[in-house]
Structures are given as structure tokens and as C-alpha cells.
Amino acid sequence: MAVKNESHVLVVGIDGVRYDSLMSAATPALDQIARNGFLLPVHVHRKNATISGPVWATVATGVYADRHNVTGNRVHPLELAAYQDFTAVLRAARPESRTMIAASWFPVAAATACGPLFSSRGWVPEEDPEEANDGGSWVSADDAVADYAAGRLEREDLAASFVYFGEADVEAHNNGTGIGYISAIQRCDSRLKRLLEAIESRPRRDAEFWTVIVVTDHGHVDAGGHGGETEAERTAWIAACGERVPRDVVAVDHADIFSQVLATFGVAAGDTDGLVFGARRDPQEQPATTAAPR
Ligand SMILES: [Zn+2]
């Protein structure tokens, strides 16, 4: 019998997927993760606006906008330089670790607008889908991200990865949260399935632990749009399964992903706003050890 001794974590970000829309979509890949772990609604923390830049920065760094200071999508604040993303912290603690960032929204991984939100930077498609900003440009960009990420997940030994898909958010902005939005969510689930299949086809899969975390950043109003305080905008969600992911998680926060990824490798998260999965009792609970704000 193979002895499992190698930890791996894949974090998948799917932008702007409203919780109730997700519930009405057919998402077999996400359902599989929820069955093996949990899927919970997440109230976007009051310190973060219901906007992509601040929330993805929190996913990357484990701290909220009062510390990373990403308050919108346009400006890359100086304060963000103090916060490395979880893949960078992992590599610093375990230099042998290989990691990957791949994203269709350029600011996640490249030095443009509010980016790079992930300090490591990463791979983005050749053409920026925001230039045309229509359904076709985002479908192509997300498909390219899925191709790239699936290829590397299958062939390489990636300890920690972040892979981002953006077409659902743009569909809601362009056409509202109707049937086209549900289709976009379902295509993102198919891309998630490709990533899961790439992991399952790894030659030494039996000897490996894999944790998969899937997360959205915010919801949308019915007509499309976010940044406000309605429940539809404030309600995001996180799903996860795998090593060190309890099934009885009752509350989880965007800031927790950083702590959870590092805990998988036995690396301390340091002074962040997050808790490991299972430690949080209330949605907006703060870590007891939070130091004075910098
Ligand atoms: Zn958006």
C-alpha cells in the first residue's frame, strides 16, 4: 500500500458567483467537493467592499482592506507590498515547493490596475479579455487558463496553486443574473472538473494528498453589478475538501484560505486576520491573537 506523504493544495477562484444562482446551477464538480467536505455561504467581511480587488487580495494575503489597502480594482496600494501571497509564504518556508498562479483577470497575477494581488505574479492569457470585455473574450480567456493550469497540474509537482476564472462575473455585468449567467457558472464548473481530472490522472496520485478549495469573491444584484450592501452582493461562498479539511465546518471567511493552505504544510500563517477551517464559530469572528493594526 502506498504511503501518502505529499501534500498539495489547489485554490480555484470563480469571480462574482451569487450564492442563490450557484444553488440553481448544475455544478457536478463543485457538488463533489461539497460532498467530501463543505460548501458554505460567506458574508463578505465588513472591512472589505463587495468588489473583486479587495476580496481577492484578502484571499491572497489573509488580511482585510484595512491592512492590505486594496479598496477597489484600479489602484495598487503601497501597503500591499507588506503582504506576500500564500504561495510566496510557502516557498519562503519550504524552498523546494513549486507553485502556480493562473488567472484570466490580469490584476490577479500581473502588474496592472490594482495588481498584482498575488505578490508571486503568474500566468495570464496572451489577450486581455477586458479589452473586448464580451462573453466570447472571457470564455476564451477562461478556457486558456483551464488548459494551462490542467496541463501543469497533471505534469508537475505543484504544492500550492491559485487558478482564477472570470466569465460569470462579466456575464452578470453585461446581461444580468439570468439564464446566460447560469450557463457561465456551469462552464466554470466544467473547467473546475478539468482541473480535478488533471489531478486524478497524475501517475502517483495514490501517494498524494490533495486539498481543493473553491471560492467566489462577491455576489451581484439581479440586473448585474456589485459593490453595494445588499445580501445578494455581500453573500459569497467557499467550498473545500481534502487533507485537514473538517466536514463539520460551520463558518468560514475569505481570510481563512491563507491560514488553511499554509497549515496544510505545517507553515505558520503569522499575524493575519484568518483562522484555519473549523476554528471559526461565527462568520465575522476575529482571531484572538490579532495584533494592533499596522
Ligand atoms: Zn464584477
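Conventions we followed
- Residues numbered from 1 in each chain as written.
- Predicted model: local features only at pLDDT ≥ 70, side-chain atom pairs only at ≥ 80, totals over all residues.
- Heavy atoms only, no water.
- Donors = N, O, S within 2.8 Å, 3.2 Å for Na, K, Ca; no water.
- Tetrahedral: all angles 85-135°; square planar, octahedral: opposite > 155°, others 65-115°.
- Helix = DSSP H or I, 4+ residues; strand = E, 2+ residues; numbered from the N terminus.
- Phe/Tyr/Trp six-rings, centres within 6.5 Å; stacked < 30°, edge-to-face > 60°.
- Buried < 20%, exposed > 50% of the residue type's maximum accessible area, 1.4 Å probe, protein only.
- Lys NZ or Arg CZ within 6 Å of the ring centre and 35° of its normal.
- Salt bridge = Lys/Arg side-chain N within 4 Å of Asp/Glu carboxyl O.
- 1 Å grid on protein atoms, 1.4 Å probe; cavity = no way out; pocket = protein on both sides within 12 Å on 5 of 7 lines; lining within 4 Å.
- Points joined across faces, edges and corners; volume = space filled by probe spheres on them.
- Nonpolar A, V, L, I, M, F, W, Y, C, P; charged D, E, K, R; others polar.

Colleague: When you look at the coordination of the zinc ion in this model, what are you seeing that I'm missing?
Modeller: Tetrahedral coordination by four donors sets the ideal angle at the metal to 109.5 degrees; octahedral coordination by six donors sets it to 90 or 180 degrees. Taken together, D169 (OD), D169 (OD), H173 (NE2) and H226 (NE2) make up the protein donors of the zinc ion, found 2.0 to 2.5 Å from the metal. For the zinc ion, the four donor atoms in the first shell make angles of 55 to 150° at the metal, so the coordination geometry reads as irregular. Here the donor residues for the zinc ion map to a single chain with the spacing D-x3-H-x52-H. In this pair, D169 and H173 are both assigned in helix α9 (residues 167–175), four residues apart and thus about one turn of the helix distant.

Colleague: How should I be thinking about the packing of aromatic side chains in this particular structure?
Modeller: A ring pair, where both rings are aromatic, is described by two values, the distance of the centres and the angle of the planes. Throughout the structure, instances matching the rule amount to seven aromatic pairs. Ring centres of F86 and F118 lie 5.7 Å apart, and the angle between their planes is 85°; on these two criteria the pair is classed as edge-to-face. With a gap of 32 residues between them, F86 in helix α5 (residues 86–93) and F118 in the loop between α6 (106–109) and α7 (129–132) connect regions that are remote in the sequence. Summarising the burial analysis for this pair, F86 and F118 share the class buried. The side chain of R191 reaches across the aromatic face of F165, ending 6.0 Å from its centre.

Colleague: Even after reading the chapter, I still don't get the pattern of salt bridges, so can you show me in this structure?
Modeller: Close approach of charged atoms allows side chains of opposite charge to pair. Inspection of every chain in the model, using the stated rule, returns 20 salt bridges. Residue R205 pairs with E200 through a salt bridge whose shortest N-O separation is 3.2 Å. R205 gets classed as buried once you look at its relative accessible area, which sits at 17%. E208 is paired through a salt bridge with R202; the nearest N and O atoms lie 2.8 Å apart. The pair E208 / R202 is uniform in exposure class, with both members buried. Within the structure, one salt-bridge network assembled from shared partners comprises D142, D143, E167, R187 and R191.

Colleague: Would you mind going over empty space enclosed by the protein with me for this structure?
Modeller: In this approach, a probe sized like a water molecule rolls over the atoms, and the result shows the empty space that is left. Under the definition given, this model contains one cavity of 30 Å³ or more. In this structure, the largest cavity spans a volume of roughly 50 Å³. In the lining of the largest cavity, the residues fall into seven nonpolar, one polar and one charged.

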